[in-house]
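Survey of secondary and tertiary structure
Here are the chains, one letter per residue:
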Amino acid sequence: ASALSVVSEGAEDETEVPVLQKSEKSRTISKISRELKGIVFVIQSQSNSFHSKRAEDLKRDILKQAVDLGKELPMVLLIHQINRHEGAWTILPLMRDFSVTYGRNSSWIFFCEEDTRIQVIKLLETLRRFDKSKEWFLGKALYDEESTIIHHYAFAENPTVFKFPDFAAGWALSIPLVNKLAKKLKSEPLKSDFTIDLKHEIALYIWQKGEGPHLTPVPEFCTEDVNSYKADHCATTFSNFLPLCGEPVNKEDVFVAVKTCRKFHGDRIPVVKQTWEREAALIEYYSDYADISIPTIDLGIPNTDRGHCGKTFAILERFLNHTSPRTPWLVVVDDDTLISIFRLRKLLSCYDPNEPVFLGERYGYGLGTGGYSYITGGGGMVFSRTAVQKLLASKCRCYSTDAPDDMVLGMCFSGLGIPITHSPLFHQARPMDYPKEYLSHQIPVSFHKHWNIDPVKVYFTWLAPNTEEPPNGKKVGYNREDL
């Protein structure tokens with residue numbers, strides 16, 4: 001009997017360790033699975049076919065990683081599918097919905113862009129460091145090196161003190177903070193005004209003049225390239241400097257319209273001719289005065305001090321009726337816009353000109369109370385011929401010749417149910433008006449304005465074809481000084 005008991009005990013010892021290991025592993029998987037289910041992923045997606053596909057690919061990747069980690073799957077939302085809000089992309093109007101739907105059973109809302117790459121297990125490990133019962137606003141911190149008109153000269157004495165998130169790296173709000181914001185928005189609805197730089201404005205709203213949380217910088221939220229050795233510690237990475245989807249579109253596929261007026265013929269037009277004009281095969285200058293030395297075309301619209309709606313709609317009519325129907329793209333720029341047509345042709349390889357595409361840097365007006373989005377004109381407005389046809393076939397026109405053209409266009413396209421398409425590579429301001437770290441993961445398409453800069457130098461530093469990303473993906477070490 002004693003011999004049997006010894007054998008029996010020995011056999012038990014043989015099997016007990018693996019059973020314990022399995023049990024421990026099972027508990028770990030279960031814990032990870034529960035934590036993962038507590039995260040709501042929100043992808044800043046867009047309805048344009050190129051962008052929606054990229055967002056769907058990211059959603060699939062997140063869910064595939066989740067399946068590999070356990071049975072519980074997180075919720076992954078695509079912003080453009082949240083149809084009830086024209087201003088869904090501005091995030092804050094969604095807070096009440098997030099609070100009602102996820103306020104009891106979730107821990108975090110994690111926001112990212114379609115080109116953010118996420119290592120889910122590292123993200124879980126990162127978020128675990130923060131007490132989910134507290135109010136947290138997490139992200140990769142950006143700051144202004146000098147005060148800028150984009151942010152209404154906020155913190156003018158020392159703009160570096162205020163941090164706001166780089167959306168490309170992803171950012172997170174704890175559910176207690178979401179609930180607090182939802183409650184505040186219920187009693188104090190968002191004012192009907194402009195959305196210009198969403199990342200700064202969200203941080204400012206959350207900060208609540210010092211009563212709310214500051215952004216907490218998280219080193220694991222990164223914008224390093226996914227293949228960089230620097231990305232080893234990162235939970236998120238970002239790899240999209242300038243999209244390219246096959247061959248760049250032909251030079252002859254892009255018609256460029258430059259808006260100018262007589263008083264700027266002498267100082268602004270020479271800059272265009274010294275810099276990017278040579279990149280354009282089809283270009284015309286539209287003015288209030290026909291100057292054969294440039295040459296400019298007088299559209300019969302007098303120059304206005306405020307908006308240029310009359311002039312822009314005349315340009316759209318001319319494009320439709322006086323250019324080859326085989327030219328699929330129109331770009332409308334100001335005479336003080338600095339643009340890389342070379343890069344734009346690469347970018348346009350990703351868009352279908354048979355869709356109504358209206359592309360550029362997105363702003364918003366009154367999005368907390370209905371409102372509309374629009375492409376801000378100074379960075380350049382890109383239209384597919386299809387979009388121009390649909391617009392001009394409608395009855396939507398300028399309410400006055402000097403109305404702001406970009407805002408009227410946004411209103412018109414919104415009324416037609418045609419969403420605008422945002423690209424962060426277009427810029428309404430100068431390079432010095434953006435954080436260096438924000439521009440470091442871009443190959444820009446445009447900048448705007450000549451104030452207190454040498455615009456020719458800005459072009460050759462930031463936009464000229466020789467400042468391209470090489471095929472190996474490593475950035476050129478050219479000198480982007482403080483311009």
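Position numbers for residues count from 1 along each chain, tracking the sequence in the order it is written. Two thresholds apply to this predicted model, a pLDDT of at least 70 for residue-level local features and 80 or more for giving and counting side-chain atom pairs, whereas whole-chain, interface and lining totals are computed over all residues. Hydrogen atoms and water are omitted, and side-chain values are computed over all heavy atoms in the structure.

The protein chain is annotated in an unreviewed UniProt entry as Beta-1,3-glucosyltransferase from Bombycilla garrulus.

1. Side note on the overall build of the protein chain
Only DSSP runs of H or I reaching four residues or more are called helices, and only runs of E reaching two or more are called strands; each is numbered from the N terminus. Along the protein chain, the regular secondary structure elements total 13 helices and 22 strands. Burial analysis of the protein chain (483 residues in total) assigns 53% to the buried set. Whether two residues are in contact is decided by their heavy atoms, any of which lying within 4.5 Å being enough. By sequence separation, contacts in the protein chain at least 24 residues apart represent 74% of the contacts at least 6 residues apart. In this description, accessible areas are obtained by the Shrake-Rupley approach with a 1.4 Å probe, and a residue is regarded as covered only by the protein chains that are shown. Accessible surface, the protein chain as shown: approximately 22,300 Å² in total, 52% of it carbon and sulfur. With a 1.4 Å probe rolled over the protein chains alone, any residue whose accessible area is under 20% of its type maximum counts as buried; one over 50% counts as exposed, and the rest are partly exposed.

2. Structural notes on the packing of aromatic side chains
Aromatic rings from Phe, Tyr and Trp, with only the six-membered ring used for Trp, were paired whenever their centres fell within 6.5 Å, and each pair was classed as stacked if the ring planes differed by under 30 degrees, edge-to-face if by over 60, and tilted otherwise. For the coordinates displayed, the defined rule picks out 23 aromatic pairs. On the basis of an interplanar angle of 50° and a centroid distance of 6.1 Å, the ring pair of Phe255 and Phe319 is categorised as tilted. Pair noted here: Phe255 is in strand 12 (residues 254-259) and Phe319 is in helix 8 (residues 309-322), with a separation of 64 residues, a long-range link. Note on accessibility: Phe255 and Phe319 belong to one class, buried. Sitting over the face of the ring of Tyr438, Lys199 holds its NZ or CZ atom 4.1 Å from the ring centroid. Ring-over charges, as used throughout, are those where CZ of Arg or NZ of Lys falls within 6 Å of the ring centre and within 35 degrees of the ring normal. Sitting over the face of the ring of Phe319, Arg385 holds its NZ or CZ atom 4.2 Å from the ring centroid.

3. Examining the nonpolar core
Residues Met95, Phe98, Leu173 and Leu344 are the most contacted members of the largest nonpolar core, which totals 85 residues. With six residues, helix 6 (residues 198-207) is the single largest residue contributor to this core. In this structure Phe98 touches Val42, Leu77, Gly103, Ile109, Phe111 and Val178, once residues within four positions along its chain are discounted. Here, the term nonpolar core denotes a set of buried Ala, Val, Leu, Ile, Met, Phe, Trp, Tyr and Cys residues that are joined through side-chain atoms within 4.5 Å. If you look at the next biggest cluster of nonpolar residues, it comprises 27 residues, including Leu36, Ile43, Ala172 and Phe221.

4. A word on the sheet that holds strand 19 (residues 372-375)
Taking strand neighbours across the sheet as the criterion, the three strands line up as 9-18-19 in an open arrangement whose pairing is antiparallel. Strands with a single pairing partner mark the edges of an open sheet, and in this sheet they are strand 9 (194-195) and strand 19. The pairing of strand 18 (residues 362-365) with strand 19 spans four bridges and is antiparallel. Paired with Gly364 across the strands is Ser373, a residue of strand 19. Two strands qualify as a pair provided that DSSP identifies no fewer than 2 bridges between them.

5. Remarks on helix 11 (residues 405-415)
Within helix 11, eight of the 11 residues are buried, which leaves the element mostly enclosed by the surrounding structure. Following helix 11 by one or two positions, Gly417 has its phi on the positive side, about 75°.

6. Quick look at the pattern of salt bridges
Salt bridge, as used here: a side-chain nitrogen of Lys or Arg that lies within 4 Å of a carboxyl oxygen of Asp or Glu. Considering all chains together, one arrives at 23 salt bridges under this definition. The shortest N-O distance in the salt bridge between Arg128 and Glu35 comes to 2.8 Å. Here the residue Arg128 occupies a position in the loop between helix 4 (120-127) and strand 5 (137-139), and Glu35 occupies one in helix 1 (residues 2-37), the gap between them amounting to 93 residues. Three or more residues are tied together by salt bridges with common partners; here these are Lys53, Asp57 and Arg60.

7. Describing the sheet that holds strand 15 (residues 329-334)
The seven strands are arranged 14-13-12-15-20-17-21 in an open sheet whose pairing can be described as mixed. Every interior strand has two partners, whereas the edge strands, strand 14 (296-298) and strand 21 (421-422), have only one. Sheet topology note: the strand 15/strand 20 (residues 381-384) ladder contains four bridges and is antiparallel. In the strand pairing of strand 20, Val331 is matched with Val382. Helix axes use the C-alpha atoms of the stretch in contact, all axes being lines fitted to C-alpha atoms, and the angles between their N-to-C directions lie in the range 0 to 180 degrees. Set on the sheet, helix 11 makes contact with strand 12, strand 17 (358-360) and strand 20; between it and strand 20 the angle comes to about 35°.

8. As for helix 2 (residues 49-69)
A helix is expected to span 1.5 Å for every residue after the first. Between its first and last C-alpha atoms helix 2 spans 30 Å; for 21 residues at 1.5 Å apiece the expected length is 30 Å, and the two agree. Turning to helix 2, its buried residues number three or more, namely Phe50, His51, Ser52, Ala55, Leu58, Ile62, Ala66 and Leu69. Under the rule applied, a polar contact is a pair of N or O atoms within 3.5 Å (in protein, one hydrogen donor and one hydrogen acceptor; residues adjacent in sequence only if both atoms are side-chain atoms). Where helix 2 begins, the capping side chain belongs to Asn48, and its oxygen is found 3.0 Å from the backbone nitrogen of Phe50.

9. Focus: the state of the cysteines
Working definition: a disulfide is two cysteine sulfur atoms within 2.5 Å of each other. This structure, assessed with the given rule, holds four disulfides. Here Cys245 pairs with Cys350 through a disulfide, and the sulfurs are 2.0 Å apart. Disulfide Cys245 to Cys350: torsion about the S-S bond roughly 90°, handedness right-handed. Taken together, the residues span a long stretch of sequence, with Cys245 in the loop between strand 11 (236-238) and strand 12 and Cys350 in the loop between helix 9 (341-348) and strand 17 at a distance of 105 residues. Of the residues examined, Cys245 reaches a relative accessible area of 36% and is grouped as partly exposed. Each sulfur of the disulfide joining Cys309 and Cys398 lies 2.2 Å from the other. Looking along the S-S bond of the Cys309-Cys398 disulfide, the torsion reads about -90°, which is the left-handed sense. Here Cys309, found in helix 8, pairs with Cys398, found in the loop between helix 10 (385-393) and helix 11; they are 89 residues apart in sequence, far enough to count as distant. Take Cys309: its relative accessible area is 0%, and that puts it in the buried class.

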